[in-house]
Amino acid sequence: RVKAMDAEVSVPNDGGDQAKMEAKRVQMMDRLAAIEEARKADADARRAELDAAADPRENIRSFLAGFEERKARVEGEVNSHRSAVGTPDAKPADDLRAALDALQADVIAIERSVAEASYFLPAYDSRACTAAVDHLKKTVAGATAELLPRKKFTFSKKKKEATASKPDGEKKEADDVAAQLARVDIRTTTTTTSGTRGTSGPKGSKEDEGPGVRNRTGETVVVDASSAVGDFELKRLVDCTVYLCNLEPLRAVRAYDLRNTRVYAGPVAGSVLLHGADACEFHLCARQVRIHDATNGTSFYVRTASGPIIEHSSDVRFAPYAFGYPGIDEAMEKAGFGGADPGKWREVEDFGWIKQVASPNWRILAESERVPPSKLPSIDAT
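Residues numbered from 1 in each chain as written. Predicted model: local features only at pLDDT ≥ 70, side-chain atom pairs only at ≥ 80, totals over all residues. Heavy atoms only, no water.

Examining helix α3 (residues 93-117)
- Taking 1.5 Å of rise per residue, 25 residues should cover 36 Å, and α3 covers 36 Å from first to last C-alpha, within 8% of that figure.
- All buried positions along α3 are accounted for by Leu96, Ala99, Leu100, Leu103, Val107, Ile110, Glu111, Ser113, Val114, Ala115 and Ala117. (Helix = DSSP H or I, 4+ residues; strand = E, 2+ residues; numbered from the N terminus. Expected span 1.5 Å × (residues − 1). Buried < 20%, exposed > 50% of the residue type's maximum accessible area, 1.4 Å probe, protein only.)

Pasting the structure below:
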């Protein structure tokens, strides 16, 4: 009977335990759900805070929205000036000239912002913004020519004779890069935005359009100030030496498939992007330098606003930038590189190395290993 009673009593006890366990389980699940909701709310709040505090120049969506707004404002003002012609709202010539000059300055500022954003903008957006800026330049220039036509220029015979009669000693000696390079007894490149004139590779392909040096072997190429402009491309170069002697900051430089080649470049307001370098030497000054697939002792003498980035690369070396040529100091100032080098060249990030120990894929060149920057080819004194 005791066993029977025990059996009878055990049934309700088991049921009570199960009910308690179920209640605890439900309570625990509720607590976990509350913790997860709190975590998500906290993450959303932090994300919103970061978005609000983020530099708009490094936020693609924010940058593109601001770009479109600035572009629309310039276009709207140009249309307003054109539609006001012949009406009481038309501005006097001096005021109109000042307004159009201000619009030109706005376009230059927009162009600079695109150059500075090129290191984080997707390639398509960067190209689209660059094309839009070029269109804005033509729009403002066209409005200026239409609304403020220049007076016809006529030569003054007296002035011509006076100029011709000046002694040679009073003539100003040209000291800019283009004048020097014109006397260099080597082959120089001529580039246009419509093709690859001046390069030895196949012409007419869309991928090779724009200013650049492409498909060269065993050549020294000096790109003078008139050609080193905008976005510049170096492609399929073997055993070459290339000098980019720009007097205005380049927007960006792209390099692909270089072997045993030395590149000496002036300041770049945007980024330098490199894909494929074998036993090369680069002298670069840019807002950002990104390197993919560099190997075999390739050296980078760089000055950057942020640390260089390498990926899928090995046996690469870094040292400070020291290249120079006539006019580079002014170009450096325009590109935002005035003053002393902050030393970011040594803060290399290897995106392919996630371990805590230092990456074995790069190192700093010892001073005894550093090669002095090559000077421009010697100028023929005759």
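There's plenty left to go through after this.
Points about a nonpolar patch on the surface
- A cluster of nonpolar residues, Met28, Met29, Leu32 and Ile35, forms a patch on the protein surface that exposes about 410 Å² of accessible area.
- Among the structural elements, Ile35 can be located in helix α1 (residues 2-53). (Patch = residues over 30% accessible without salt bridge, like charges linked within 9 Å, V, L, I, M, F, W, Y side chains within 5 Å. Areas by Shrake-Rupley, 256 points an atom, 1.4 Å probe, with all protein chains shown as cover. Salt bridge = Lys/Arg side-chain N within 4 Å of Asp/Glu carboxyl O.)

Remarks on the pattern of salt bridges
- Following the criterion strictly, the structure yields 16 salt bridges and no others.
- The salt bridge partner of Arg39 is Glu36, with a shortest N-O separation of 2.8 Å. With Arg39 and Glu36 both in helix α1, this residue pair falls three residues apart, about one helical turn.
- Its salt-bridge partner being Glu219, residue Arg216 comes within 2.5 Å of it at the nearest N-O pair.
- By relative accessible area, Arg216 is classed as buried at 1%.
- Judged by its relative accessible area of 16%, Glu219 falls in the buried class.

Focus: the pairing of strand β7 (residues 281-295)
- Burial analysis of β7 places twelve of its 15 residues in the buried class, which makes it a mostly covered element.
- Both β7 and strand β8 (residues 299-304) contribute to a ladder of six bridges, which runs parallel. Within the sheet, the bridge partner assigned to Ala286 lies in β8 and is Thr304.
- Of the pairings in the sheet, the one linking β7 to strand β9 (residues 309-311) comprises three bridges and is parallel in character. Along β9, the bridge assignment pairs Arg290 with Ile309. (Pairing = 2+ DSSP bridges.)

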